Amino acid sequence: MLKTTSFLAATAAFAMTAVMATTWQVTPAMAEDAPVAATEITGDAAKGKRVFNRCKACHTVEEGGPNRVGPNLYGVVGAEFGHIEGYKFSPALMELKAEGKVWDVATLDAYLKQPKDVIPGGSMAFVGLRKDSDRADVIAYLATFGGPEAAPAE
Ligand code: HEC
């Protein structure tokens, strides 16, 4: 009974994602591994490009782009905290980096929702993206710019 319900939910989620996703291939296997949004790249990179306009005051994303108020974000998806050289990250972020923290999809999602939840004392002064789909889409967009998580799983 419970199994049937969750299968139906997963099927519905898959059907919706399949309609919405234009760039990323979503397989039924991924849809059954809920919570999808926390572990896999499910967003729409094309929509994420527009969401990224809200990050642009502080971030570039293209390879070799300059740091602004925040670091260049090329290759950040799946990379370790403080993923590039030559940017002065906050001590709070560097402490978590030393603990081995990684920008996997779930961590990025939580950070972009409410930066202080992931890095209390961090220096990203951003109100957060409240819409789940905005976060999923911008993460999909970031993943088109390199990074370990952008590569197929081994
Ligand atoms: C007001 C400026 C500002 C805005 C807007 C902003 N950020 Fe940031 N971001 C920062 C700063 C500053 C840091 C460095 C944080 C630290 O050192 O604690 C940062 C760090 C990050 C990191 C961690 C990078 C790393 O290598 O550890 C990610 C990922 C990130 N931002 C993504 C985004 C995304 C995506 C958006 C838009 C949805 C965004 N940021 C909006 C200023 C901003």
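Scroll up to find the structure this text is about.
The rules we used
Residues numbered from 1 in each chain as written. Predicted model: local features only at pLDDT ≥ 70, side-chain atom pairs only at ≥ 80, totals over all residues. Helix = DSSP H or I, 4+ residues; strand = E, 2+ residues; numbered from the N terminus. Buried ≥ 20, exposed ≤ 12 C-beta atoms within 10 Å, placed from the backbone. Contact = placed C-beta atoms within 7 Å. Axes fitted to C-alpha atoms, helices over the stretch in contact; angles between N-to-C directions. Parallel < 35°, antiparallel > 145°, perpendicular 65-115°, else oblique. Left-handed = near helix turned anticlockwise from the far one by under 90°. Near = placed C-beta within 6 Å. Nonpolar A, V, L, I, M, F, W, Y, C, P; charged D, E, K, R; others polar.

Caption draft 1: Molecular detail of the overall build of the protein chain. Looking only at helices and strands, one finds eight helices and zero strands in the protein chain. Along the protein chain, helices (α) and strands (β) appear in the sequence α-α-α-α-α-α-α-α when read from the amino end. For the protein chain, with 154 residues in total, the buried portion stands at 29%. A sequence separation of at least 24 residues applies to 53% of the contacts in the protein chain between residues at least 6 apart.

Caption draft 2: Seen up close, the packing of helix α6 (residues 105–113) against helix α8 (residues 132–143). Where α6 contacts α8, the two axes come as close as 10 Å, and the packing angle between them is 125 degrees. Comparing their axes, α8 and α6 come out oblique. Here α6 and α8 pass one another in a crossing that is right-handed. When α6 is examined against α8, the residues Val105, Leu108, Asp109, Leu112 and Lys113 are found in contact with a partner set consisting of Arg135, Val138 and Ile139.

Caption draft 3: Fine view of the site of the ligand. For the ligand, the set of nearby residues contains 29 residues, the closest of which are Cys55, Cys58, Gly70, Ser90 and Gly122. When contributions to the shell around the ligand are tallied by element, the ones reaching two or more residues are α5 (91–98) and α6. By residue class, the composition of the shell around the ligand is 21 nonpolar, seven polar and one charged.

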